[in-house]
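A closer look at the structure
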Amino acid sequence: MQTTGGRFTLDINGRRYSGRGKGTIMPATATRENGANQDGTGWSSVKPQLASLDLTFDRGVGLKWDADMMLAELNVTFVETDAGKRTHLFTNANWSGQPSLDTENGEVSGLKIETATYQVN
C-alpha cells in the first residue's frame, strides 16, 4: 500500500516548527495562460512565478511575527513523513502574506513561503 499524504516536519533556518494543518506545495516556477483572440484563434503565454509552500501554524510555535517576517532569507526543509520521507527544499525563500490568528482554535493562517530556488528529493 502506498501512502500518498499525512504528517510532515518543517524546519525553518535550522529550527523545527509545528505545522497546524496541511501544507500545500506549489512547485511550478512557471504558469501558462491560454485565451482566444477575437477571430477565434488561440494564444498562449508563459509567465514566471515562484514556487511556494502554504502553511498554517499553531500560535504557540514561537514565531515572533514582526521579527521573523522581516528575515532577509529563509531556508526551509519540508519533509513528508508518511510519504516516503520526500523532502522539499525552499532555499533563499521569503515570507509572503499576512498572519491571521483565529482566536477560537489558535490557528495562524495567511502565510506562504516563496522562492525561485525549489528542489524535491
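See above for the structure.
The notes below deal with the structure included here. Since the structure is predicted, the reported quantities are computational estimates derived from the model, not experimental observations. (Residues numbered from 1 in each chain as written. Predicted model: local features only at pLDDT ≥ 70, side-chain atom pairs only at ≥ 80, totals over all residues. Heavy atoms only, no water.)

**Regarding the nonpolar core**
- Ranked by internal contacts, the top residues of the largest apolar core, which has 18 residues, are L10, F57 and I113.
- Those elements that place two or more of their residues in this core are β1 (8-12), β6 (51-58), β7 (74-80), β8 (86-101) and β9 (107-115).
- Excluding residues within four positions of it along the chain, I113 makes contact with I12, A51, S52, L53, L55, L74, V76, F90, A93, N94 and W95. (Core = buried A, V, L, I, M, F, W, Y, C linked by side-chain atoms within 4.5 Å. Buried < 20%, exposed > 50% of the residue type's maximum accessible area, 1.4 Å probe, protein only. Helix = DSSP H or I, 4+ residues; strand = E, 2+ residues; numbered from the N terminus. Contact = heavy atoms within 4.5 Å.)

**Some points on the pairing of β9**
- Bridge analysis of β6 against β9 gives seven bridges, and the strand direction is antiparallel. When the bridges of β9 are listed, D58 appears paired with E107.
- Of the pairings in the sheet, the one linking β8 to β9 comprises six bridges and is antiparallel in character. Among the inter-strand pairings, L101 is bridged to a residue of β9, identified as V108. (Pairing = 2+ DSSP bridges.)

**Here we look at the packing of aromatic side chains**
- Within this structure, the stated rule accounts for three aromatic pairs.
- Measuring from ring centre to ring centre gives 6.1 Å for F57 and W95, while their planes differ by 65°; the resulting arrangement is edge-to-face. With F57 in strand β6 and W95 in strand β8, this pair connects stretches of sequence that are 38 residues apart.
- Here F57 falls in the buried class, since its relative accessible area comes to 0%.
- Accessibility expressed as a relative area gives 13% for W95, which makes it buried. (Phe/Tyr/Trp six-rings, centres within 6.5 Å; stacked < 30°, edge-to-face > 60°.)

**Side note on the pairing of β1**
- Residue alternation in β1 divides its side chains into a buried set, F8, L10 and I12, and an unburied set, T9 and D11.
- As paired elements, β1 and β7 share five bridges and run antiparallel to each other. Bridge pairing in β7 links T9 to V79.
- For β1 and strand β2 (residues 15-17), the ladder comprises three bridges, and the chain directions are antiparallel. Across the sheet, the residue bridging to D11 is R16, located in β2.
- Here β1 folds back onto β2, and the loop between the two strands holds two residues, one of which, N13, carries a positive phi near 50°.

**Focus on unusual backbone geometry**
- A positive phi angle, close to 50°, is found at N13, a residue other than glycine.
- Notably, K85 is not glycine yet its phi reads approximately 55°, a positive angle.
- With respect to the helices, strands and loops of the structure, K85 is situated in the loop between β7 and β8.
- Overall, the relative accessible area of 52% leaves K85 in the exposed class.

**What about the environment of A28?**
- Looking at the secondary structure, you find A28 in the loop between β3 (24-26) and β4 (30-36).
- Taking the relative accessible area as the measure of exposure, A28 reaches 37% and is therefore partly exposed.
- Along the backbone, A28 and Y118 are 90 residues apart, and their C-alpha atoms lie at a distance of 8.9 Å.
- The residues touching A28, leaving out its near neighbours within four places in the chain, are Q49, L50 and A51.

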